[in-house]
Amino acid sequence: MASKILIIILGMALINYLFRMLPLVVLSRIDLPEIIMDWLHFVPVAVLAAIVAQGIFIPENNIILSWKNIYLWSAIPCIAIAWKTKNLTYTLIVGMATMALIEYIK
Amino acid sequence: MKRNENTELILFTKENTITEGLKDGTPIVIGYIPLGLAFGVIAANTGLTIWQIFLMSLLIFSGSGQYIAVGMLAVGAPIIAIIITTTLINSRYLLLSASLAPYVKKLPAWMVAFLSHGITDEVYAVSLNHFKEYSATGGYIFGVALASHLSWILSTTIGALMGNFLGDVKKFGINFALTAMFISLLVMQINNKMTLFVAFLGGVLAIVIYGVWGTKLNILIAAIISATIGVGVKQWLQRS
């Protein structure tokens, strides 16, 4: 088992690293056409939205599309504060406090 | 120092020191704690040693990948299956990396190659947010990545050591920390109708794709499709 685990760790490490390193190094050394640059500028908001949607509606590998979704309840004040203050720390505190409160009430 | 096209190799500027990076990395540090602790407990239960868990967190530094790998090990999956599955899950790093590339043009290749090891979803999102206003520096990225990586290594290792003494961390609302952070970063990226539209698309698609195909590639696919539609609409609007 030990050598199996070691092989998996090294294999994953290598692939992960190549995925992170190659585009970052290669694409930053060449001039990309404008349409590609435009596309890349949409990637962060698209990825973040997908991650947030998953975090709220697919919290533990199951889709929860109901008003009983506690992640949704925590997300609402969180989004409001994020929009208003644009401050990471406040948003984090509000989000965690709301979730803690909901867990306590449950 | 604001963004300036003519600046050369920038290691440190006032807003871009390692300290700034460490500071901005604090929400990530907090978010990784419950995730890391939980992973440590699960991995130890699966039979991994502290050393193996430490090595995983040090060399791989991927929550999603590590969780999946351990899950598959627990059911005796073959090496090749584990490697292929985690490769697919982490393929989104190609996308993240590509979209970060334009910002690190002025940094030397060796520095970028070194820093890229620490690019996780969270490090990426925080860095990108910072680069909207400030030029990218090696120091800043290093700070964010270092804080995050240390938190991950420590919490996974401690989780493995402490096992089930920890009880339920949910009562501190920590299980929402990462999502809260991503919400903040998402909101900061939305500044006009186009970005709002793409965000909406990305979110909906991520859920729909998962609902229909149950694939863990949903985030990657949703992001690619919505970014593409975004560019398409933008081009169409520019022409008309």
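Structure's up top.
Counting from 1, residues in each chain are numbered in the order their sequence is written. Just so you know, chain letters begin at A and ligand numbers begin at 1, following the order they were written in. pLDDT decides what is reported in this predicted model: residues at 70 or higher carry local features, side-chain atom pairs at 80 or more are listed and counted, and totals for whole chains, interfaces and linings draw on all residues regardless. Computation of side-chain values covers all heavy atoms of the structure but excludes hydrogens and water.

Asker: So what about the environment of I58 of chain A? Which residues, and what values?
Answerer: Working definition: helices are DSSP H or I runs of at least four residues, strands are E runs of at least two. Numbering for both runs from the N terminus. Relative to the helices and strands, I58 of chain A resides in the loop between α2 (34-57) and α3 (70-85). Classification of residues uses two cut-offs on accessible area relative to the type maximum, computed with a 1.4 Å probe and protein chains only: under 20% is buried, over 50% is exposed, and between them is partly exposed. What makes I58 of chain A buried here is its relative accessible area of 5%. For the pair formed by I58 of chain A and R29 of chain A, sequence separation is 29 residues and the distance between their alpha carbons is 38 Å. The criterion used for residue contact is that any of the two residues' heavy atoms lie within 4.5 Å. In this structure I58 of chain A touches A53 and I63 of chain A together with A206, I207, Y210 and N218 of chain B, once residues within four positions along its chain are discounted.

Asker: Tell me about the interface of chain B and chain A, and name the residues and values.
Answerer: The partner chain A presents 69 residues to the 96 residues of chain B that form the contact. Buried area is understood as the total, over both parts, of accessible area removed when two parts are fitted together, assessed with a 1.4 Å probe. Taking both sides of the interface into account, the surface hidden between chain B and chain A amounts to around 7200 Å²; carbon and sulfur atoms contribute 77%. Considering only the side of chain B, the residues that lose the most area to chain A are I60, F176 and I207 of chain B, jointly responsible for 9% of the buried surface there. Throughout this description, the term salt bridge denotes a Lys or Arg side-chain nitrogen within 4 Å of a carboxyl oxygen of Asp or Glu. Close ionic contact of D31 of chain A with K105 of chain B constitutes a salt bridge, the shortest N to O distance being 4.0 Å. When residue character is reported, Ala, Val, Leu, Ile, Met, Phe, Trp, Tyr, Cys and Pro are called nonpolar, Asp, Glu, Lys and Arg charged, and the others, Gly included, polar. When the residues that make up the side of chain B that touches chain A are grouped by side-chain class, the tally is 60 nonpolar, 29 polar and seven charged.

Asker: Can you break down the pattern of salt bridges residue by residue, with the values?
Answerer: Residue and element names in this part refer to chain B. This model, assessed by the stated rule, comprises four salt bridges over all chains. For the salt bridge of K23 with E20, the shortest nitrogen-to-oxygen distance reads 3.8 Å. With K23 and E20 both in helix α1 (residues 18-24), this residue pair falls three residues apart, about one helical turn.

Asker: I'd like a rundown of the packing of helix α8 (residues 121-131) of chain B against helix α10 (residues 177-189) of chain B, residues and numbers included.
Answerer: Residues and elements named next belong to chain B. Throughout, an axis means a line fitted to C-alpha atoms (over the contacting stretch in the case of helices), and angles, computed between N-to-C directions, take values from 0 to 180 degrees. α10 packs onto α8 with a crossing angle of 30° between their chain directions and a minimal axis gap of 10 Å. The interaxial crossing formed by α8 with α10 has left-handed handedness. Of the residues in α10, those in contact with D121, E122, A125, V126, L128 and N129 of α8 are L178, M181, F182, L185, M188 and Q189. Residue composition of the contact of α8 with α10, by class: eight nonpolar, two polar and two charged. By the definition used in this description, the sense in which the near helix is turned from the far one sets the handedness, with an anticlockwise turn below a right angle giving left-handed and a clockwise turn giving right-handed.

Asker: Let's hear about a nonpolar patch on the surface: which residues, and what values?
Answerer: Residue and element names in this part refer to chain B. Nonpolar side chains collect at one region of the surface, where L22, I50, L146, L150, L154, I158, L161 and M162 lie side by side and expose about 650 Å² of accessible area between them. In terms of residue count, the dominant contributor to the nonpolar patch is helix α9 (residues 138-162) (six residues). Mapped onto the elements of the fold, L154 is located in helix α9. Candidates for patches are residues over 30% relative accessible area with no salt bridge; among them, like charges are joined within 9 Å and nonpolar side chains (Val, Leu, Ile, Met, Phe, Trp, Tyr) within 5 Å. Every accessible area reported is derived by Shrake-Rupley at a probe size of 1.4 Å, with residue values counting cover from the shown protein chains alone.

Asker: I'd love a proper account of the nonpolar core, names of residues and values included.
Answerer: Counting residues in each nonpolar core, the largest one holds 104 residues, and the members touching the most others are M56, Y124, F176, M181, I183, L185 and L186 of chain B. Considering every element that reaches this core, the biggest residue donor is α2 of chain A, with 13 residues. Those residues in contact with L185 of chain B, other than ones at most four positions away along the chain, are L48 and L88 of chain A together with A125, V126 and N129 of chain B. Side-chain atoms within 4.5 Å link the members of a nonpolar core, which is a set of buried Ala, Val, Leu, Ile, Met, Phe, Trp, Tyr and Cys residues.

Asker: Before we move on, can you summarise the packing of helix α11 (residues 193-213) of chain B against helix α12 (residues 218-239) of chain B with the specific residues and values?
Answerer: Residue and element names in this part refer to chain B. At a minimum axis separation of 8 Å, α11 and α12 run at an interaxial angle of 145°. Crossing hand, α11 versus α12: right-handed. Contacts between α11 and α12 involve M194, F197, V198, L201, G202, L205, A206, I209 and Y210 on the former and, on the latter, N218, I221, A222, I225, S226, A227, I229, G230, V233, K234 and L237. Per-class residue counts for the contact of α11 with α12 are 15 nonpolar, four polar and one charged.

By themselves, these are just geometric observations and shouldn't be taken as functional.
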